[in-house]
Amino acid sequence: WSTKMQIKASNWLLHPEGRFQGKIISIQKTVSQPDTILNFTVETSNLNGQGPTRSLSYQIPYILGIKSRLGKFHQAIMGQEIETNGKTNVEKLIGRRGLLTVEQIIKDNGRKGNRISEWSKFR
C-alpha cells in the first residue's frame, strides 16, 4: 500500500536541494510589457520515483530562439531544437519529464527561495 503526498514548496517549506525527476503539469502565459512570461508548474520526485512529490514554479520569458532560455529548456525536455518560425506549441511540453537541479537561493526581498538551475533529458 502506497500513497503519494503532494508538498507545495513555499517560503515556509523549502524544496530540498539536489537532482530530481520533474514533470511539467501546467503552463500559464502572462502577457505584460515588455515581455510575455511562461510560468511552468513542475511536479518533482526523487530520482528513484520514491518518496513525496513536490511542486515548483519555473518561469521563462517567451522568447523563441535556439539559444534563448526557452530554446534551451525545449531542447533539454524534448531532445530537439525549438521551432523559431512562430509556430511553437509550448503546450506540447505538458506531461513531459526531465531531470532537474534545485538550488536554494536568497531572493531580493531577503527571503529564502528555490530555483531550478538546470534541466536535462529524462532517460
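What you see is a predicted model, and the numbers here were worked out from it, not measured in a lab.

## Structural notes on helix α1 (residues 69-78)
Counting buried positions along α1 gives seven out of ten residues, so the element sits mostly inside the fold. Among the residues of α1, Leu70, Gly71, Phe73, His74, Ala76, Ile77 and Met78 are the ones counted as buried. Positive phi shows up at Gly79, right after α1, with a value of about 75°.

## Focus: the packing of aromatic side chains
Enumeration according to the criterion identifies four aromatic pairs in this entry. With a centroid separation of 5.4 Å and 45° between ring planes, the pair formed by Tyr58 and Phe73 is classed as tilted. On the criterion of sequence distance, the pair formed by Tyr58 in strand β4 (residues 53-61) and Phe73 in helix α1 is long-range, its members being 15 residues apart. The burial state of Tyr58 is the same as that of Phe73; both residues are buried. Between the aromatic rings of Phe73 and Trp119, the centroid separation amounts to 5.0 Å while the plane-to-plane angle is 75°, which identifies the pairing as edge-to-face.

## Let's talk about the side chain of Thr101
Relative to the helices and strands, Thr101 is located in strand β5 (residues 97-106). Residue Thr101 is classed as buried on the basis of its relative accessible area of 15%. Every residue in contact with Thr101, bar those within four places of it in the chain, is listed here: Gly18, Arg19, Arg115, Ile116, Ser117 and Glu118.

## Focus: the pairing of β5
Of the pairings in the sheet, the one linking strand β2 (residues 18-31) to β5 comprises six bridges and is antiparallel in character. Paired with Lys23 across the strands is Arg97, a residue of β5. Taking the residues that link successive antiparallel strands as the turn, the β5-strand β6 (residues 112-121) hairpin has five residues, and the phi of Gly110 there is positive, at about 90°.

## A closer look at the confidence of the model for the chain
For the chain, mean pLDDT is 85; residues scoring 70 or higher make up 89% of the total. Ranking the helices and strands of the chain by mean pLDDT puts β2 first, with 94, and strand β1 (residues 6-8) last, with 50. Confidence drops under a pLDDT of 50 for residues 1-5, and excluding neighbours within four residues, the segment shows four contacts in the predicted structure.

Parameters at a glance
- Residues numbered from 1 in each chain as written.
- Predicted model: local features only at pLDDT ≥ 70, side-chain atom pairs only at ≥ 80, totals over all residues.
- Heavy atoms only, no water.
- Buried < 20%, exposed > 50% of the residue type's maximum accessible area, 1.4 Å probe, protein only.
- Helix = DSSP H or I, 4+ residues; strand = E, 2+ residues; numbered from the N terminus.
- Phe/Tyr/Trp six-rings, centres within 6.5 Å; stacked < 30°, edge-to-face > 60°.
- Contact = heavy atoms within 4.5 Å.
- Pairing = 2+ DSSP bridges.
- pLDDT = per-residue confidence, 0-100.

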